[in-house]
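# Chains, contacts and geometry: an overview
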Amino acid sequence: MSDIRVRMAPSPTGALHIGTVRTALFNYLYAKHVGGTYVLRIEDTDKTRSTVEFEEQIVQGLTDLGLVPDEGVGVGGPYGPYKQSERVEIYHEYLQKLLDDGKAYYCYCTKDELEAERERCEKEKLPPRYSGKCRELTREPAEGAVIRFKTPQTGEISYEDTVRGKVTVQVKELDDFVIAKNLDEALYNFSVVIDDITMKITHVIRGEDHISNTPKQILIYQALGFTPPQFAHLPLILNEDRSKLSKRKNKVEFRDYLAQGYLPEALVNFLALLGWNPGDDREIFSLPEIIKEFSLERVQKSGAVFDIKKLNWMNGQWIRKLSIEELASKLKPFLQDNKLDEKTLKKAVQVTQSRLEKLAEASEHMHFFFELPVYEKSLLIGKNMDEALAKLALEKSLELVRELPDWEALELPAAEEMMKTEFLKLIEKLNLKTGQVLWPVRAALSGTSFSPGAFEMLWVLGREESVGRLESALGKF
Ligand code: GLU
């Protein structure tokens, strides 16, 4: 096993976001590719916004996709606990150390004072920053005093981001930022560093939105005498118009994708290609295949456009890879109106499989197997035909269907070929065009204008149901 250790550190302050899933996936892929360790840590320092429900949804959602942590929440490990709310004492100890070393200090400024200062900066067209007023005070901590980091006043911070290359920030652009509300309430920039140090994290792979936090975090590593990890900031996910992915233009909650019947395999495949590519135009990859090929060097810097049409197409591809049994069982929750026996349902699934892009569309594609829809006679009359011709085609087809050899025990394509041979003989005898017979038959069997072809419909419905539906069509004339 390699010493490489990565972590996914979601905050349970909202529903599992599709971008969070992508970040978790890239961490997982990298860890698995190099034989390292993937840690799942919950960053619940924000007590007012974190909930257990969100935490459960996040842990469950990631696990359902196959991103099972090697260490962390749910599985434990040697550097736990893996929830920030349970690590307060650890942060306390390191905060105290920074205070003792004179690298952090208590700030007693009131809200009003800070507000006045912010306004002054605004007036002078300067970036809002803390003046450092309490820097040299040595008073005892008082109620409401926060802990600030004593940011050096000169120098620069430079790091090599695996995705973005060299990033340099002038320290004077940063101010003395708040690292804790008090010794027992550390804030994000501090707790994340302490966790990454104590959990021996070697690579921090996270969203681009954290780039602005990185120099502050590097300063904390340096102040405590530790080497920062390797950083890799993933590109933003964009709407099709290249604005930042938003719920006004796309669904962003992971559970919405599951509810629509996207398969985990398709979601993993699609999300892996949101910012990474294999170097050629292959698009369909299983999780083990992506693990084999993944590298951070192939992660792009520019934003990755979320193309829902591509996801739909991919999902269709993954649906086609399922066995009929697997697909039928995955479809059941989406087919509340199903009245078919197991065997017939499987046949219906078989003829629908290649038409589906999302499991939630199944009912739309299959409802006519369960119950013949109410329809108008005009549906039976296709192009290039009149009422008399449609009626004749249906009468003759009904006779044929009554006499066809027993097809219900046959599989596709044998059943279809047998029917086709017999129907072509009839069509030739009547001296009609194929469509002039097969349109009214298909329409009579499905009661809709879009459905699988006449032979597939016959195969699924069986003789008795097919005869009944053809008779009912003829009843309309
Ligand atoms: N908890 C942070 C978030 O959810 C992630 C922190 C990090 O990856 O450094 O955005």
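What this report covers is the structure whose coordinates are included nearby. What you see is a predicted model; the values in this text were computed from it and never measured.

### Notes on the overall build of the protein chain
Tallying secondary structure elements over the protein chain gives 17 helices and 13 strands in all. Here the C-alpha radius of gyration of the protein chain, 32 Å, is well above what a compact globule of 477 residues would show, namely 23 Å. Overall size of the protein chain, expressed as C-alpha extent along the three principal axes, is 105 × 50 × 40 Å. For the protein chain, with 477 residues in total, the buried portion stands at 50%. Pairs at least 24 apart in sequence give 75% of the contacts found in the protein chain among residues at least 6 apart. Just so you have it, the protein chain exposes about 23,100 Å², and 50% of that area is on carbon and sulfur atoms.

### Observations concerning the site of the ligand
Lining the immediate surroundings of the ligand are Arg7, Ala9, Pro10, Ser11, Glu43, Tyr188, Val192, Arg206 and His210. Grouping the amino acids of the shell around the ligand by side-chain chemistry returns four nonpolar, two polar and three charged.

### Considering the packing of aromatic side chains
With the rule as written, the count across this model stands at eleven aromatic pairs. Consider the rings of Phe26 and Phe294, whose centres lie 5.4 Å apart with planes at 75°: the pair is edge-to-face. Here Phe26 is found in helix α1 (residues 18–34), whereas its partner Phe294 is found in the loop between α9 (287–293) and β13 (304–305), with 268 residues between them in sequence. The pair formed by Phe26 and Phe294 is uniform in burial state, with each residue classed as buried. A centroid spacing of 5.1 Å and a plane angle of 85° characterise the contact between Phe270 and Phe306, whose relative ring orientation is edge-to-face. Of this pair, Phe270 sits in helix α8 (residues 264–272) while Phe306 sits in the loop between β13 and α10 (308–321); the two residues are 36 residues apart in sequence, bridging distant segments of the chain. We classify Phe306 as buried; its relative accessible area is 1%. An aromatic cluster is defined as three or more aromatic residues linked by ring pairs; in this entry it consists of Phe26, Trp276, Phe285 and Phe294. For Arg22, the ring lying beneath its charged end belongs to Phe26, and the centroid distance is 5.5 Å. The ring of Tyr108 has Arg139 lying over it, and the distance from NZ or CZ to the ring centre is 3.9 Å.

### Section: the sheet that holds strand β9 (residues 185–186)
Reading across from one edge, β4-β5-β8-β9 is the order of the four strands in this open sheet, with antiparallel pairing throughout. Every interior strand has two partners, whereas the edge strands, β4 (104–107) and β9, have only one. Examined bridge by bridge, strand β8 (residues 178–182) and β9 share two bridges and lie antiparallel to one another. Note that in β9 the partner of Asn182 across the bridge is Glu185.

### Describing unusual backbone geometry
The amide bond that connects Gly80 to the next residue, Pro81, takes the cis arrangement and shows omega of 0°. Position of Pro81 relative to the elements: it lies in the loop between β3 (71–72) and α3 (88–100). Pro413 follows Leu412 through a cis peptide bond whose omega is 5°. Structurally, the position occupied by Pro413 is in the loop between α14 (387–403) and α15 (414–430).

### Observations concerning the packing of α3 against helix α5 (residues 188–198)
Packing of α3 against α5 brings their axes to within 10 Å, and their N-to-C directions diverge by 105°. Compared by their axis directions, α3 and α5 come out roughly perpendicular. Residues Ile90, Tyr91, Tyr94, Leu95 and Leu98 of α3 pack against Phe190, Ser191, Ile194, Asp195 and Thr198 of α5. Tallied by class, the residues present in the contact of α3 with α5 amount to seven nonpolar, two polar and one charged.

### A short note on the pattern of salt bridges
Per the stated rule, a full pass over the model turns up 31 salt bridges. Among the ionic pairs, Glu113 bridges to Lys133, the shortest N-O distance being 2.6 Å. Of this pair, Glu113 sits in helix α4 (residues 111–123) while Lys133 is found in the loop between α4 and β5 (146–149), placing the two residues 20 residues apart along the sequence. Owing to a relative accessible area of 32%, Glu113 belongs among the partly exposed residues under this scheme. Notably, a salt bridge pairs Arg135 with Asp176, separated by 2.8 Å at the nearest N-O pair. Here Arg135, found in the loop between α4 and β5, pairs with Asp176, found in the loop between β7 (165–170) and β8; they are 41 residues apart in sequence, far enough to count as distant. Connected through shared salt-bridge partners, Arg7, Arg41, Glu43, Arg87, Asp195 and Asp196 make up one network.

### Observations regarding the side chain of Asn189
With respect to the helices and strands, Asn189 occurs in helix α5. For Asn189, a relative accessible area of 12% puts it in the buried group. A distance of 2.8 Å separates polar atoms of two side chains, one belonging to Asn189 and the other to Gln217.

### Details of the pairing of β4
Here β4 shows two buried faces, one formed by Ala104 and Tyr106 and the other by Tyr105 and Cys107. Looking at chain direction, β4 and β5 are connected through four bridges and run antiparallel. Within β5, the position partnered with Ala104 by the bridge is Phe149.

### Brief notes about the nonpolar core
Grouped together as the largest cluster of nonpolar side chains are 95 residues, with contacts concentrated most on Ile179 and Phe190. Beyond its immediate stretch of four places on either side in the chain, Ile179 contacts Leu95, Leu98, Ala104, Ile147, Arg148, Phe149, Ala186, Leu187, Phe190 and Ile220. Counting residues in each nonpolar core, the second largest holds 60 residues, with Ala328, Leu389, Leu438 and Leu461 among its members.

### Looking at the environment of Glu185
With respect to the helices and strands, Glu185 occurs in strand β9. Residue class for Glu185 comes out partly exposed when judged on its relative accessible area of 27%. Taking C-alpha positions, Glu185 is 8.1 Å from His92, a pair spaced 93 residues apart along the chain. With sequence-adjacent residues up to four places away left out, Glu185 is seen in contact with Lys47 and Ala180. In this structure the side chain of Glu185 is engaged in a polar contact, spanning 3.0 Å, whose partner is the side chain of Asn182.

What counts as what
- Residues numbered from 1 in each chain as written.
- Predicted model: local features only at pLDDT ≥ 70, side-chain atom pairs only at ≥ 80, totals over all residues.
- Heavy atoms only, no water.
- Helix = DSSP H or I, 4+ residues; strand = E, 2+ residues; numbered from the N terminus.
- Rg over C-alpha atoms; globule rule 2.2 N^0.38 Å.
- Buried < 20%, exposed > 50% of the residue type's maximum accessible area, 1.4 Å probe, protein only.
- Contact = heavy atoms within 4.5 Å.
- Areas by Shrake-Rupley, 256 points an atom, 1.4 Å probe, with all protein chains shown as cover.
- Near = heavy atom within 4 Å.
- Nonpolar A, V, L, I, M, F, W, Y, C, P; charged D, E, K, R; others polar.
- Phe/Tyr/Trp six-rings, centres within 6.5 Å; stacked < 30°, edge-to-face > 60°.
- Lys NZ or Arg CZ within 6 Å of the ring centre and 35° of its normal.
- Pairing = 2+ DSSP bridges.
- Axes fitted to C-alpha atoms, helices over the stretch in contact; angles between N-to-C directions.
- Parallel < 35°, antiparallel > 145°, perpendicular 65-115°, else oblique.
- Salt bridge = Lys/Arg side-chain N within 4 Å of Asp/Glu carboxyl O.
- Polar contact = N/O pair within 3.5 Å; in protein donor to acceptor, adjacent residues only side chain to side chain.
- Core = buried A, V, L, I, M, F, W, Y, C linked by side-chain atoms within 4.5 Å.

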